[in-house]
Amino acid sequence: MTKQITQEELQKIVQSIPMLSASASQLLQVASQPDHDLMDIVNLVRNDAHLTARVLKIVNSAAFGLVNNIASIDRAVSYLGERVVVSIAIADCSSKVFEKELSGYESAGGVLWKHDLRTAIAAREVVIQSGADINSELAFTAGLLHDIGKALISDYLHGTVTDAIELLTAEEDLDYLDAEEKLAGFDHTRAGYELAKAWQLPDELAEVIRHHHEPSNAKEEFRALVYAVHLGDNIAMLGGFGTGSDSMRYKLDRKYTDYIDIGPKTLATIMLNVDIEFEKLEGSFHSSGEKN
Amino acid sequence: MGQIVLGVGDYGASNTPGDDVKTFALGSCVSVIFLDPKTRTVGMAHVALPDSSINKAKATEKPGYFADTAVPALLALMTKFGCHPRGKGIVVKLCGGANVMDTNDTFQIGKRNALAIKKILWSYGMGAVSEDLGKNYSRTVSISVSAGQITLSSPGKPNWQL
Ligand SMILES: [Fe+2]
Ligand SMILES: [Fe+2]
């Protein structure tokens, strides 16, 4: 039996995670305001020399295959889109979280980031293809952050995978959140929510982190967004990009149909687009930036 | 001794003893496995979606991606190893096609993949002799060319054979 995390220990774990950079934090705030525009994003990036350099390096990387280099930050931001710029800012200051080896789920370093990126892309595609009235850029950002809690509890789940699977096989109604809670004391949505509070994330993002496995429990005003990420998460897992032992061992919240209308054919299109978009974005984040 | 690792939408074959043909973490994707006892050739396609009509360009670039184009492409490849062009004598096995818990019809992509594969196989008079489909966990598949043995694995579970 492993050690259970107490409330005090969870706070200590949260405090051991570096804070978001000021730019990342402000970008998340602006991105969740319904009436912002791209210039608000541009101005925030412009004020951060390091972030500006990263954004320019990525937009000019081989992955985007531009014929002429982009030198101005406003052109770079409008080319990449808000979601990619926000991702760059987050990835840059919290690689400790996203690149962490999830030994508690038998996953290597980098797997969480890939799952999060797939979820982000899929959540946005779900919004676009269904035509639902949800901010697709925000769905992407929320998808990127939805599973941060796994990085917090993973070490405490080390060595529990066989027990977790045996538990879920014996009791068919339980999902991996139940296993996490039984084996570590907290599931990854509750742990992630604590980090969301410490990072002072906007309410809608905290709500996604807390309720992405059962969006019907999310606050009504944010529920559609939470559903978009919920579907994105399921699509990422079905597409073979889970985070290890827990992949597909969660429940589909079928009430999503009250908010998002997709049929089998649209879902197939979404899955295909996710594969194509993932290849492009993954490459750009990992590229050295050298094109010539 | 080589490893042939197939990603999503890839297909491949080998008759080199000591080779392993592998694919990692199948979710709703289905792995179609062809074993030809006569030429001792092993082939596999990692199928993501049932029907190529949603994107013809993708099907041309990656025929292994869709059920209806993967089976003919894999057969054509097997023919280069001396197998019968319409699959006579080839042993077919299927695995993958998982679901999430409490799924609805729309999200049963795995089931639609498996059905589409079976349909195209039937048109060649072929059918799977064994399958390990559905459930709600990921599967990694490894086939040894020498033994024609298929080993499946999933985190937290003992390995099993197909
Ligand atoms: Fe999750
Ligand atoms: Fe997830």
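Residues numbered from 1 in each chain as written. Chains lettered and ligands numbered in written order. Predicted model: local features only at pLDDT ≥ 70, side-chain atom pairs only at ≥ 80, totals over all residues. Heavy atoms only, no water.

Under the annotation held in an unreviewed UniProt entry, chain B carries the name Probable chemoreceptor glutamine deamidase CheD and is attributed to Desulfuromusa kysingii. Per UniProt, chain B has the following entry under Function (unreviewed entry): "Probably deamidates glutamine residues to glutamate on methyl-accepting chemotaxis receptors (MCPs), playing an important role in chemotaxis." Quoted straight from UniProt, the Catalytic activity (unreviewed entry) entry for chain B says "L-glutaminyl-[protein] + H2O = L-glutamyl-[protein] + NH4(+)". (UniProt positions renumbered as here; feature names shortened; annotations may be inferred.)

An unreviewed UniProt entry annotates chain A as HDIG domain-containing protein originating from Desulfuromusa kysingii.

Visitor: Outline the pattern of salt bridges, listing residues and values.
Guide: For side chains of opposite charge, pairing can occur when their charged atoms come near one another. All names here are of chain A. Evaluation of the coordinates by the stated rule reveals 15 salt bridges over all chains. Between Asp 155 and Lys 100 there is a salt bridge whose closest N-O contact spans 3.1 Å. Of the two residues, Asp 155 sits in the loop between α10 (148–153) and α11 (161–170) while Lys 100 sits in the loop between α7 (95–98) and α8 (111–130), which places them 55 residues apart along the sequence. Taking the relative accessible area as the measure of exposure, Asp 155 reaches 45% and is therefore partly exposed. We note a salt bridge from Lys 197 to Glu 194, for which the minimum N-O separation is 3.5 Å. Here Lys 197 pairs with Glu 194, and both are found in helix α13 (residues 188–198), just three residues apart, close to one helical turn. Several salt bridges converge on common partners, so that one network encompasses Arg 83, Arg 124 and Glu 137. (Salt bridge = Lys/Arg side-chain N within 4 Å of Asp/Glu carboxyl O. Helix = DSSP H or I, 4+ residues; strand = E, 2+ residues; numbered from the N terminus. Buried < 20%, exposed > 50% of the residue type's maximum accessible area, 1.4 Å probe, protein only.)

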